[in-house]
Amino acid sequence: MKLTILVPAYNEEGNIDNIYKNIKNVFNDINYEIIFINDGSTDKTEKVMASIHKRDEEHVRIINFSRNFGKDAAIYAGLEHSTGEYTAIIDADMEQNPKYLLEMLTFLDKNPDYDQVAMIIKKRKSGSLIKRTFAKMFYKIINVLSDIKFTEDASDFRMFRENVKAAILSLSERNRFSKGIFSWIGFNTKTMEYEVGKRTSGVTKFNFKASFKYALEGIIGFSVKPLRVATIMGLITSLSGFIYLIYIIVKTIILGVDTPGFATIVCVVLFIGGIQLISIGILGEYLSKTFIETKNRPIYVTKSKVGFDEEIL
Ligand code: UDP
Ligand code: MG
């Protein structure tokens, strides 16, 4: 198999047929397979996929999850089943046009010293202004906090060789933040620009709340610096407390006992209480991730597979 194209899809009933036709039009003379990963869709996505498989058994395979596990889990499942010399990841909604897959493939064919082609957004048009501003902020913050470099406007839209696939699969963590994983593994990566298309049907699954949660997961997953922030805040408050204590002692010795300032006490108690709670919260975030990882649950659960050699029901 020359190329495996992974298409994670969650409630994309109106898009599957379209993306399939577009991929097919791009690759008519190449040995390729499409693996649709149905991430626990509650609409007719599964049915639409099945009917496409019936029409084109040679090229189409399907993995149905038992529930929604998230796009990153879907990518992982796809990679585990990919048999291609090259593997590509593309969204189901046509925001990423399959025509770019051919560009990536040609590039990898011509440049054996490159392992991966990653597509970056030419001009971010999709999403609201608020979402774009937050995306910008997120990349600024994560680049300060994390040791690895995150490229702004990077996407999961990419194609890579088997060595990259093996590296991604070797990172078997449960809290999967693909953008981080892609940069963490390294490799010689060529970036190309792509024009974001219009979603042909349905709505985005990454609304503001989901994106915020995802961004937070990225920071927690790829940096331990927030833990250090707690330590630094603790050090600063203890030091200020100590300096204030000396000031009070000296003042009492020189001027005698003063009436206590309730306002000051309340402020200090609230301030320190706040810092303590924030620190515990940060600690809790890391602890919860550790908790999930140590349980060692599978990254996804398969309900059924269609079109693979050994099928399970
Ligand atoms: N997706 C998925 N599981 C999820 C959420 C999204 O498989 O839990 C898929 C979705 O069907 C689409 C791709 O991931 O093919 C990108 O999602 P979406 O278009 O909603 O995100 P956006 O492009 O707005 O960032
Ligand atoms: Mg999209």
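Here, every reference points to the structure presented above.
The paragraphs below set out a description of the structure included in this document. These numbers come from a predicted model, not from an experiment.

### Some details on the environment of Gly 221
Phase 1: Turning to its location among the elements, Gly 221 is positioned in helix α8 (residues 208-222).
Phase 2: Through-space distance from the C-alpha of Gly 221 to that of Ala 166 is 20 Å; in sequence the pair is 55 residues apart.

### Remarks on the pattern of salt bridges
Phase 1: Counted under the stated rule, the structure contains 13 salt bridges.
Phase 2: Note that Glu 33 and Arg 61 form a salt bridge whose closest N and O atoms lie 2.5 Å from each other. Separated by 28 residues along the polypeptide, Glu 33 in strand β2 (residues 32-38) and Arg 61 in strand β3 (residues 60-65) bring together distant segments of the chain. Assigned by exposure class, Glu 33 and Arg 61 land together as buried.
Phase 3: Ionic pairing is found between Asp 91 and Lys 71, a salt bridge with its closest N-O pair at 2.8 Å. With Asp 91 in the loop between β4 (86-89) and α4 (99-110) and Lys 71 in helix α3 (residues 71-81), this pair connects stretches of sequence that are 20 residues apart.

### Some points on the coordination of the magnesium ion (ligand 2)
Phase 1: Note on the magnesium ion (ligand 2): its protein donors are Asp 93 (OD) and Glu 95 (OE). The metal-donor distances range over 1.9 to 2.5 Å. We note that Asp 93, like Glu 95, is buried.

### Considering the packing of α3 against helix α6 (residues 162-170)
Axes are the key here: two packed helices are described by the angle between their axes and the distance separating the axes.
Phase 1: Packing of α3 against α6 brings their axes to within 10 Å, and their N-to-C directions diverge by 130°. As far as their axial angle goes, α6 and α3 are oblique. The element α3 and its partner α6 pack so that their crossing is left-handed. Between α3 and α6, the contacting residues are Tyr 76, Leu 79 and Glu 80 on the first element and Lys 165, Ile 168 and Leu 169 on the second.

### A word on the side chain of Gln 96
Phase 1: In this structure, Gln 96 sits in the loop between β4 and α4.
Phase 2: Within the local environment of Gln 96, its side chain forms a polar contact with the backbone nitrogen of Asp 91, the two atoms lying 2.8 Å apart.
Phase 3: Not counting residues up to four positions away in its chain, the partners in contact with Gln 96 are Ile 90, Asp 91, Ser 155, Phe 157 and Tyr 194.

### Regarding the nonpolar core
The tendency in soluble globular proteins is for nonpolar side chains to be buried side by side.
Phase 1: In terms of nonpolar packing, the biggest core is built from 38 residues, with Leu 3, Ile 5, Phe 27, Phe 36, Leu 101 and Met 159 touching the most fellow members.
Phase 2: Among the elements that take part in this core, α4 stands out by supplying six residues, more than any other.
Phase 3: Here Phe 36 is in contact with Val 7, Ile 16, Ile 19, Tyr 20, Met 49, Val 60, Arg 61, Ile 62 and Ile 63, once residues within four sequence places are set aside.
Phase 4: One finds Ile 35, Ile 75, Tyr 139 and Ile 148 within the second-largest nonpolar core, a separate group that totals 35 residues.

Each value, and the rule that gives it
Residues numbered from 1 in each chain as written. Chains lettered and ligands numbered in written order. Predicted model: local features only at pLDDT ≥ 70, side-chain atom pairs only at ≥ 80, totals over all residues. Heavy atoms only, no water. Helix = DSSP H or I, 4+ residues; strand = E, 2+ residues; numbered from the N terminus. Salt bridge = Lys/Arg side-chain N within 4 Å of Asp/Glu carboxyl O. Buried < 20%, exposed > 50% of the residue type's maximum accessible area, 1.4 Å probe, protein only. Donors = N, O, S within 2.8 Å, 3.2 Å for Na, K, Ca; no water. Axes fitted to C-alpha atoms, helices over the stretch in contact; angles between N-to-C directions. Parallel < 35°, antiparallel > 145°, perpendicular 65-115°, else oblique. Left-handed = near helix turned anticlockwise from the far one by under 90°. Contact = heavy atoms within 4.5 Å. Polar contact = N/O pair within 3.5 Å; in protein donor to acceptor, adjacent residues only side chain to side chain. Core = buried A, V, L, I, M, F, W, Y, C linked by side-chain atoms within 4.5 Å.

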